[in-house]
Amino acid sequence: MTQLPGLLDIEAIRKDFPLLDRVVHDGKKIVYLDNAATSQKPRQVLDALNEYYEQHNANVHRGVHVLAEEATALYEGARDKVAAFINAPSRNEVIFTKNASESLNLVANMLGWADEPYRVDSDTEIAITEMEHHSNIVPWQLLAQRTGAKLKWFGLTDDGRLDLSNMEEVITEKTKIVSFTLVSNIMGTVNPVEAIVRRAQDVGALVLIDASQAAPHMPLDVQALGADFVAFTGHKMCGPTGIGVLWGRQELLEDLPPFLGGGEMIETVSMHASTYAPAPHKFEAGTPPIAQAVGLGAAVDYLTAIGMDKIAAHEHAITEYAIKRLAEVPDLRIIGPTTAEDRGAAISFVLGDIHPHDVGQVLDEQGIAVRVGHHCARPVCLRYGIPATTRASFYLYSSPAEVDALIDGLEHVRNFFG
Amino acid sequence: MTQLPGLLDIEAIRKDFPLLDRVVHDGKKIVYLDNAATSQKPRQVLDALNEYYEQHNANVHRGVHVLAEEATALYEGARDKVAAFINAPSRNEVIFTKNASESLNLVANMLGWADEPYRVDSDTEIAITEMEHHSNIVPWQLLAQRTGAKLKWFGLTDDGRLDLSNMEEVITEKTKIVSFTLVSNIMGTVNPVEAIVRRAQDVGALVLIDASQAAPHMPLDVQALGADFVAFTGHKMCGPTGIGVLWGRQELLEDLPPFLGGGEMIETVSMHASTYAPAPHKFEAGTPPIAQAVGLGAAVDYLTAIGMDKIAAHEHAITEYAIKRLAEVPDLRIIGPTTAEDRGAAISFVLGDIHPHDVGQVLDEQGIAVRVGHHCARPVCLRYGIPATTRASFYLYSSPAEVDALIDGLEHVRNFFG
Amino acid sequence: MYQELILDHYKHPRGRGLRDGDAEVHHVNPTCGDEITLRVKYDGETLTDVSYEGQGCSISQAGASILNELLVGKELGEARKIQEVFLELMQSKGKIEPDEAMEEVLEDAVAFAGVSKYPARVKCALLSWMAWKDATAQALGDAERKTA
Amino acid sequence: MYQELILDHYKHPRGRGLRDGDAEVHHVNPTCGDEITLRVKYDGETLTDVSYEGQGCSISQAGASILNELLVGKELGEARKIQEVFLELMQSKGKIEPDEAMEEVLEDAVAFAGVSKYPARVKCALLSWMAWKDATAQALGDAERKTA
Ligand SMILES: Cc1ncc(COP(=O)(O)O)c(C=O)c1O
Ligand SMILES: Cc1ncc(COP(=O)(O)O)c(C=O)c1O
């Protein structure tokens with residue numbers, strides 16, 4: 001087996017993930033390289049879900065019976081774990097949502113309904129980038145349409161990086177919010193947070209960082225990032241589906257208006273008027289995704305026990321190896337950074353003029369799961385003049401042998417359509 | 001054991017629910033009477049969740065690999081099951097949300113951003129009732145505040161029913177939307193849908209029915225209801241947390257604008273403009289609660305196999321028995337209908353001047369889980385001049401013996417504080 | 001959690017009723033409807049009376065009664081110290097086992113130790129204590145304004 | 001799903017290129033970027049040419065080629081019937097095993113039966129067929145307008 005410096009004990013880790021034993025297409029063990037879409041779940045997370053449902057299930061808050069107290073302690077305990085995982089100054093800054101998309105929409109809506117100085121209206125601007133996931137584009141397009149604000153964005157360089165050369169034009173005195181991804185889900189690019197945050201702070205704009213592709217893969221410290229809001233999603237980081245996180249600075253969460261109304265988010269309700277609970281509850285209307293938060297807490301424990309720095313090192317090694325081996329495949333062109341520096345473990349490419357759908361399908365027949373399409377980042381495809389890409393993306397359980405399987409698979413694809 | 005006509009085979013059913021074997025407070029088997037807050041989950045639902053995560057987990061839609069296709073088929077299959085469960089004319093009318101609260105907010109927001117003739121604005125009115133759950137009050141208060149629309153409501157009679165005597169004043173030619181609960185979560189009242197829907201249709205208002213306390217307990221037929229939207233939540237009907245449903249009439253879902261923006265809900269995105277996918281996807285931004293939808297599908301299968309009419313008959317028998325036995329408790333006053341006719345299996349009461357918190361706590365010490373407080377329906381408490389109630393609520397696994405345990409427990413409470 | 005002593009204070013509240021005071025506050029716990037109206041009376045630094053009316057659960061009502069018993073007659077500094085120790089105990093999630101030193105300060109109020117294990121009830125226990133703190137701040141503010 | 005015949009049509013498309021026609025349409029599959037520009041030419045009731053240009057996956061491109069082979073020269077009614085049978089096959093989720101009657105109608109296009117098992121690819125297979133239907137409606141509309 002190929003040995004690379006920095007690899008985790010993959011064999012031991014893979015034992016934690018039941019799905020990795022899955023056999024497809026008559027006897028082929030799955031090679032799961034679609035981790036940027038969603039990750040697999042360790043036994044530890046599934047156990048936490050089962051234990052929750054079998055032993056402690058109840059609705060949270062305000063219950064005096066023992067199950068309600070246990071469920072509340074587990075749910076709020078998950079908040080503590082997530083707060084520690086991202087180094088939040090306070091647990092009350094951690095809001096549970098259903099996914100990163102809701103977290104991003106939540107901020108857009110807060111700002112649309114906010115009072116001054118936060119309010120986004122027709123005199124103001126919003127700044128994003130051309131490499132955002134649709135979930136960090138469409139909420140701002142909707143907000144711009146509905147308020148009359150102007151939407152601006154950073155373009156991309158030919159090698160898949162943000163073009164910050166016109167920083168002063170994109171982020172101006174009118175900008176109220178700058179929202180960008182820490183790591184691109186399509187190209188793997190890691191973006192230069194500091195430069196953007198500095199400019200935003202200079203003009204008094206708030207900063208929202210989409211950490212959906214960062215939280216699963218590297219140490220995340222919201223204080224070090226210097227942003228005002230950070231969003232991410234549970235299912236990409238070994239957690240269940242149905243859970244996302246929005247972290248926000250406490251003063252902002254106090255000042256900004258609620259979004260969804262309902263049970264849990266109120267202080268007191270009468271037919272004539274209601275008052276709202278303090279954050280985080282103010283932003284959590286209705287019965288929250290209780291089991292899913294508990295599952296995310298278990299995922300965070302799992303990742304922390306291995307060590308986020310070790311996971312980052314592992315993925316860096318795998319990415320470096322994959323880039324090296326992909327360079328051996330004739331007619332293959334990587335869309336995005338072509339070195340492992342400042343990039344994550346998602347690698348998009350095109351293979352001659354074979355359509356990605358065909359690449360993906362023939363790889364699938366060999367048991368290799370990659371994603372094909374525009375990866376919810378169609379503007380990137382438009383920018384590089386391609387209809388779609390094939391994307392292989394790695395995680396803590398990915399092995400060099402899986403990279404080798406991908407390379408062999410691509411060889412087969414070329415022969416098949418050659 | 002007490003035998004009542006209409007009871008299900010409780011012993012067999014209880015074996016499906018692992019939590020019902022839970023022992024609390026040094027050896028007391030739990031008596032779970034907090035079903036209106038959330039239900040317990042049968043083994044069949046937990047198995048479906050585990051199988052999903054262990055065998056098929058992938059992100060849905062647009063994937064060409066086998067896991068993505070399986071996950072998509074399971075997720076969309078759950079939509080088919082839910083559509084059949086509520087007799088929806090089309091599967092495309094079933095939108096998955098995170099809970100009933102999101103479903104209700106979704107409608108409020110659609111109407112706030114809609115064009116004519118649906119648009120709620122300062123010339124229009126919204127009608128609700130005084131017995132709504134906070135999740136069907138606060139979204140309308142927010143909408144009214146933000147659009148200038150006027151919020152009106154039906155009051156309550158002394159015996160816990162809607163007072164429809166001023167129908168013409170509450171629902172007028174200006175009313176755009178009438179939203180009310182089919183079954184009250186605090187008093188158990190089943191509301192007269194037909195009369196309200198008829199009046200709403202007469203004035204051309206849309207109707208949203210909150211079926212959160214109905215879907216788990218009785219056959220639900222959205223076509224027979226005659227409403228335009230129906231909302232409910234998975235965790236109260238044997239499903240997982242983190243999943244809710246909004247059913248809406250197809251033409252409306254076509255005409256109304258989206259709410260959350262992001263991946264999955266788009267047709268095509270460029271930096272300058274986006275177009276949206278047809279419903280239901282238009283209203284499902286981001287990675288959906290995949291496993292939770294699959295779990296809800298399993299819950300619906302489970303309930304259907306037993307039969308919703310049989311479940312309703314079982315609960316009716318239990319409710320009748322409980323009301324009879326509660327009448328034996330001195331100083332106990334039921335808040336809500338005092339017969340089992342046109343009422344569900346949630347029974348609220350006050351016990352002399354012993355505060356519900358004390359009632360609940362002393363019951364808990366005996367292993368009996370009830371809920372105490374305002375049950376997210378504070379206006380009802382205000383209406384009846386009480387700070388809170390104690391609520392016992394039953395489900396398909398509730399037994400006459402559990403009613404007896406409650407009565408004994410209340411006797412103990414009285415002695416304790418007597 | 002229902003110590004004999006708590007039940008006793010609940011059934012036989014000490015010093016209940018509203019009497020003359022320097023300041024009055026009304027506090028509510030919106031989740032359960034516990035309510036208290038509380039007045040404080042100071043003679044210089046000495047808390048000479050805490051009078052109150054309220055409704056709610058045994059814990060909140062016993063809390064007011066024990067507060068009255070414990071604080072009336074104390075110097076402000078001492079009363080504040082008692083309040084702080086009580087707060088610490090109630091926020092301990094059942095982890096503080098009251099020792100002799102604590103018992104010396106809190107006297108009968110150590111009976112509330114068990115309540116701290118029930119997060120939903122801690123607010124009830126603290127209701128009157130928060131009201132007292134608030135009323136005291138108002139009374140002193142008024143006093144300061146008067147001497148100013 | 002990649003039958004020899006599909007690959008053959010993909011690698012050697014029949015009738016590719018844009019020629020003179022009565023109507024032209026441009027269809028796109030936004031999820032994968034498959035595109036086709038397609039023209040139809042009718043002589044009375046007879047479809048005399050389907051010409052096209054496009055880019056995309058093997059399934060969408062082979063689909064256009066086989067459509068050309070199958071429909072050109074047919075009467076409109078017959079072409080419509082073929083289209084309907086093909087649509088039925090593609091929407092069958094792999095549940096229809098083409099019988100002789102179907103083979104008679106669809107000829108080589110039965111090779112697409114396997115594609116129907118792959119929901120993500122059915123749209124690709126149908127792209128040119130939907131474009132043809134649309135172009136035909138336009139051509140006939142125009143024809144009707146002309147004769148009107
Ligand atoms: C009548 C009613 N409506 C709405 C809700 C809100 O459901 P959820 O908390 O799952 O959003 C509930 C339950 O909490 C309810 O009982
Ligand atoms: C960069 C990025 N942002 C946002 C999202 C949206 O996450 P979710 O689909 O869980 O809402 C994703 C993944 O889908 C992503 O990769």
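The structure reproduced in this document is the subject of the present report. (Residues numbered from 1 in each chain as written. Chains lettered and ligands numbered in written order. Predicted model: local features only at pLDDT ≥ 70, side-chain atom pairs only at ≥ 80, totals over all residues. Heavy atoms only, no water.)

## Quick word on the overall build of chain C
Item 1. Across its full length, chain C carries 5 helices and 3 strands.
Item 2. Each helix and strand of chain C, placed in order from N terminus to C terminus, yields the pattern α-β-β-β-α-α-α-α.
Item 3. The C-alpha atoms of chain C give 15 Å as radius of gyration, which agrees with the globular expectation for 148 residues (15 Å, within 12%).
Item 4. Counting the 148 residues in chain C, one finds 53% classified as buried.
Item 5. Residue pairs at least 24 apart in sequence account for 63% of intrachain contacts in chain C once pairs closer than 6 positions are excluded.
Item 6. For chain C, the computed accessible surface area is about 6,900 Å², with 47% contributed by carbon and sulfur atoms.
Item 7. Chain C carries 17 positive and 26 negative side-chain charges, and their two centres are separated by 6 Å. (Helix = DSSP H or I, 4+ residues; strand = E, 2+ residues; numbered from the N terminus. Rg over C-alpha atoms; globule rule 2.2 N^0.38 Å. Buried < 20%, exposed > 50% of the residue type's maximum accessible area, 1.4 Å probe, protein only. Contact = heavy atoms within 4.5 Å. Areas by Shrake-Rupley, 256 points an atom, 1.4 Å probe, with all protein chains shown as cover. Lys, Arg positive; Asp, Glu negative; His and termini not counted. Charge placed at Lys NZ, Arg CZ, Asp CG, Glu CD.)

## Re the overall build of chain A
Item 1. The number of helices and strands found in chain A is 14 helices and 17 strands.
Item 2. Seen through its C-alpha atoms, chain A measures out along the principal axes to roughly 70 × 55 × 35 Å.
Item 3. Excluding contacts between residues fewer than 6 apart, the proportion of contacts in chain A whose partners are at least 24 apart in sequence is 71%.
Item 4. If you sum the accessible surface of chain A, you get close to 12,600 Å²; carbon and sulfur atoms cover 49% of it.
Item 5. Side-chain charges of chain A comprise 34 positive and 55 negative groups, with the mean position of each set lying 3 Å from the other.

## Here we look at the sheet that holds strand β10 (residues 229-233) of chain B
Residues and elements named next belong to chain B.
Item 1. With mixed pairing, the 8 strands of this open sheet are ordered in space as β4-β11-β10-β9-β8-β5-β6-β7. Strands with a single pairing partner mark the edges of an open sheet, and in this sheet they are β4 (94-97) and β7 (162-163).
Item 2. In this sheet, strand β11 (residues 244-248) lies alongside β10 in antiparallel orientation, the contact comprising 5 bridges. Across the sheet, Thr233 pairs through a bridge with Gly244, a residue of β11.
Item 3. Strands in contact with helix α3 (residues 66-85) are β4, β10 and β11; relative to β4, the strand with the most contacts, it is inclined by about 120 degrees. (Pairing = 2+ DSSP bridges. Axes fitted to C-alpha atoms, helices over the stretch in contact; angles between N-to-C directions.)

## Regarding helix α3 (residues 76-90) of chain C
Owing to its 3.6 residues per turn, the α-helix brings residues three or four apart onto one side.
Item 1. For α3 of chain C, with 15 residues, the first-to-last C-alpha span of 21 Å sits near the 21 Å given by 1.5 Å per residue.
Item 2. When we look at burial in α3 of chain C, the residues that qualify are Leu76, Ala79, Ile82, Gln83, Val85, Phe86, Leu87, Leu89 and Met90 of chain C. (Expected span 1.5 Å × (residues − 1).)

## Re the pairing of strand β2 (residues 34-43) of chain D
Residue and element names in this part refer to chain D.
Item 1. In this sheet, β2 lies alongside strand β1 (residues 23-29) in antiparallel orientation, the contact comprising 7 bridges. Bridging from a neighbouring strand, Glu24 pairs with Arg39 of β2.
Item 2. If you look at the hairpin formed by β1 and β2, you'll find 4 residues sitting between the two strands, and Gly33 has a positive phi there, around 80 degrees.
Item 3. In the sheet, β2 pairs with strand β3 (residues 46-55) via 9 bridges, with the strands oriented antiparallel. Of the residues in β3, the one forming a bridge with Leu38 is Tyr52.

## A closer look at the site of ligand 1
Item 1. Not every one of the 15 residues close to ligand 1 is listed here, only the nearest: Thr287 of chain A together with Ser101, Asp210, Thr233 and Lys236 of chain B.
Item 2. Around ligand 1, the nearby residues trace back to chains A and B.
Item 3. Side-chain polar atom of Thr287 of chain A to an oxygen atom of ligand 1: 2.6 Å apart, as the coordinates give it.
Item 4. The backbone of Ala100 of chain B places a nitrogen or oxygen atom 3.3 Å from an oxygen atom of ligand 1. (Near = heavy atom within 4 Å. Polar contact = N/O pair within 3.5 Å; in protein donor to acceptor, adjacent residues only side chain to side chain.)

## Notes on the interface of chain B and chain D
Item 1. The partner chain D presents 7 residues to the 6 residues of chain B that form the contact.
Item 2. Here chain B packs against chain D, burying approximately 420 Å² in sum over the two surfaces, 71% of which is carbon and sulfur.
Item 3. Linking chain B with chain D are 0 salt bridges, by the criterion used here.
Item 4. Between chain B and chain D we count 0 residue pairs in polar contact (both at pLDDT 80 or more) in total.
Item 5. Across the side of chain B that touches chain D, the residue classes break down as 1 nonpolar, 2 polar and 3 charged. (Buried area = accessible area lost by both parts, 1.4 Å probe. Salt bridge = Lys/Arg side-chain N within 4 Å of Asp/Glu carboxyl O. Nonpolar A, V, L, I, M, F, W, Y, C, P; charged D, E, K, R; others polar.)

## Some points on the site of ligand 2
Item 1. Taken together, 15 residues lie near ligand 2, and Ser101, Asp210, Thr233 and Lys236 of chain A together with Thr287 of chain B sit nearest.
Item 2. Near ligand 2, residues from chains A and B are present, making the site a shared one.
Item 3. Note that an oxygen atom of ligand 2 is positioned 3.3 Å from one of the backbone N or O atoms of Ala100 of chain A.
Item 4. When isolated, ligand 2 has an accessible area of 390 Å², and the protein chains bury 97% of it.
Item 5. When its residues are assigned to classes, the shell around ligand 2 shows 1 nonpolar, 12 polar and 2 charged.

## A short note on the sheet that holds strand β3 (residues 46-55) of chain C
All names here are of chain C.
Item 1. If you walk across this open sheet you meet the 3 strands as β1-β2-β3, and the pairing is antiparallel. Looking at which strands have only one partner, the edges of the open sheet turn out to be β1 (23-29) and β3. On average, each strand axis in the sheet is tilted by 20 degrees relative to the strand beside it, whichever way the strands run.
Item 2. Strands β2 (34-43) and β3 of the sheet are contacted by helix α2 (residues 58-71), whose axis makes an angle of about 165 degrees with β3.

## A short note on the side chain of Glu93 of chain A
Residues and elements named next belong to chain A.
Item 1. As for its position among the elements, Glu93 is in the loop between α3 (66-85) and β4 (94-97).
Item 2. One buried charged residue, Glu93, forms no salt bridge at all, with the nearest opposite charge on Arg249 at 7.4 Å.
Item 3. Excluding its chain neighbours within four sequence positions, the residues that come into contact with Glu93 are Ala88, Leu246, Trp247, Gly248, Arg249, Gln250 and Leu253.

## A word on the packing of helix α2 (residues 43-56) of chain A against α3 of chain A
Residues and elements named next belong to chain A.
Item 1. Close contact between α2 and α3 brings their axes to 10 Å; oriented N to C, the two are set at 160 degrees. Between α2 and α3, the crossing angle belongs to the class labelled roughly antiparallel. The crossing of α2 and α3 is left-handed. Side by side, α2 and α3 meet where Tyr52, Gln55 and His56 of the first sit next to Leu67, Glu70, Ala71 and Leu74 of the second.
Item 2. Looking at the contact of α2 with α3 residue by residue, the class counts come to 4 nonpolar, 2 polar and 1 charged. (Parallel < 35°, antiparallel > 145°, perpendicular 65-115°, else oblique. Left-handed = near helix turned anticlockwise from the far one by under 90°.)

## Describing the layout of surface pockets
Empty space among the atoms becomes apparent when a probe as large as a water molecule is rolled across them.
Item 1. In this structure, the largest pocket spans a volume of roughly 1,800 Å³.
Item 2. Forming the boundary of the largest pocket are 46 residues, of which His61 and Thr72 of chain B together with Pro119, Ala120 and Lys123 of chain D lie nearest the centre.
Item 3. Secondary-structure elements contributing two or more residues to the lining of the largest pocket are α3 and β12 (266-269) of chain B together with β1 and α5 (119-147) of chain D.
Item 4. Top contributing element to the lining of the largest pocket by residue count: α3 of chain B, with 9 residues.
Item 5. For the lining of the largest pocket, the residue count by class is 19 nonpolar, 16 polar and 11 charged.
Item 6. Considering the residues around the second largest pocket, the lining is formed by 41 residues, among which His61 and His281 of chain A together with Pro119, Ala120 and Lys123 of chain C are closest to the centre.
Item 7. Mapped onto the lining of the second largest pocket, the elements with two or more residues apiece are α3 and β11 (266-269) of chain A together with β1 and α5 (119-147) of chain C. (1 Å grid on protein atoms, 1.4 Å probe; cavity = no way out; pocket = protein on both sides within 12 Å on 5 of 7 lines; lining within 4 Å. Points joined across faces, edges and corners; volume = space filled by probe spheres on them.)

## Here we look at the interface of chain A and chain B
Item 1. Of the residues lining the interface, 98 residues belong to chain A; the matching set on chain B comes to 98 residues.
Item 2. Carbon and sulfur atoms make up 57% of the surface buried where chain A meets chain B, a total of about 7,900 Å² over both sides.
Item 3. Our count for the contact surface shared by chain A and chain B stands at 6 salt bridges.
Item 4. The partner of Glu70 of chain B in a salt bridge is Arg22 of chain A, with the nearest N and O atoms 2.8 Å apart.
Item 5. By residue number, the principal contributor to the side of chain A that touches chain B is α2 of chain A, which donates 8 residues.
Item 6. Looking at the side of chain A that touches chain B residue by residue, the classes come out as 45 nonpolar, 39 polar and 14 charged.

## A few points about the environment of Gly352 of chain B
Item 1. Along the polypeptide, Gly352 of chain B turns up in the loop between β15 (346-351) and α12 (356-365).
Item 2. Residues Gly352 of chain B and Met265 of chain B lie 87 residues apart in sequence; the distance between their C-alpha atoms is 53 Å.

## Thoughts on the packing of aromatic side chains
All names here are of chain B.
Item 1. Scanning the entire structure with this criterion turns up 24 aromatic pairs over all chains.
Item 2. Ring centres 5.0 Å apart and planes at 75 degrees place the aromatic pair Phe416 and Phe417 in the edge-to-face group.
Item 3. The exposure class assigned to Phe416 is partly exposed, which follows from its relative accessible area of 22%.
Item 4. We classify Phe417 as buried; its relative accessible area is 8%. (Phe/Tyr/Trp six-rings, centres within 6.5 Å; stacked < 30°, edge-to-face > 60°.)

## Some points on helix α14 (residues 400-417) of chain A
Item 1. Here α14 of chain A spans 26 Å end to end across 18 residues, near enough to the 26 Å set by a 1.5 Å rise per residue.
Item 2. When we look at burial in α14 of chain A, the residues that qualify are Pro400, Glu402, Val403, Asp404, Leu406, Ile407, Gly409, Leu410, Val413 and Phe417 of chain A.

## Regarding the arrangement of the chains
Item 1. Looking at the 5 pairs of chains with contacts, the pair that accumulates the most is chains A and B.
Item 2. At their nearest point, the C-alpha atoms of chain C and chain D are still 49 Å apart, with no contact between the two.

## Quick notes on the side chain of Gln361 of chain B
Item 1. You can see Gln361 of chain B is positioned in helix α12.
Item 2. Not counting residues up to four positions away in its chain, the partners in contact with Gln361 of chain B are Val64 of chain A together with Met1, Tyr2, Tyr118 and Arg121 of chain C.

## Section: a negative patch on the surface
Item 1. The grouping of Asp99, Glu100, Glu103, Glu104, Glu107 and Asp108 of chain C at the surface amounts to a negative patch.
Item 2. Examined against the element boundaries, Glu104 of chain C turns out to sit in helix α4 (residues 100-106). (Patch = residues over 30% accessible without salt bridge, like charges linked within 9 Å, V, L, I, M, F, W, Y side chains within 5 Å.)

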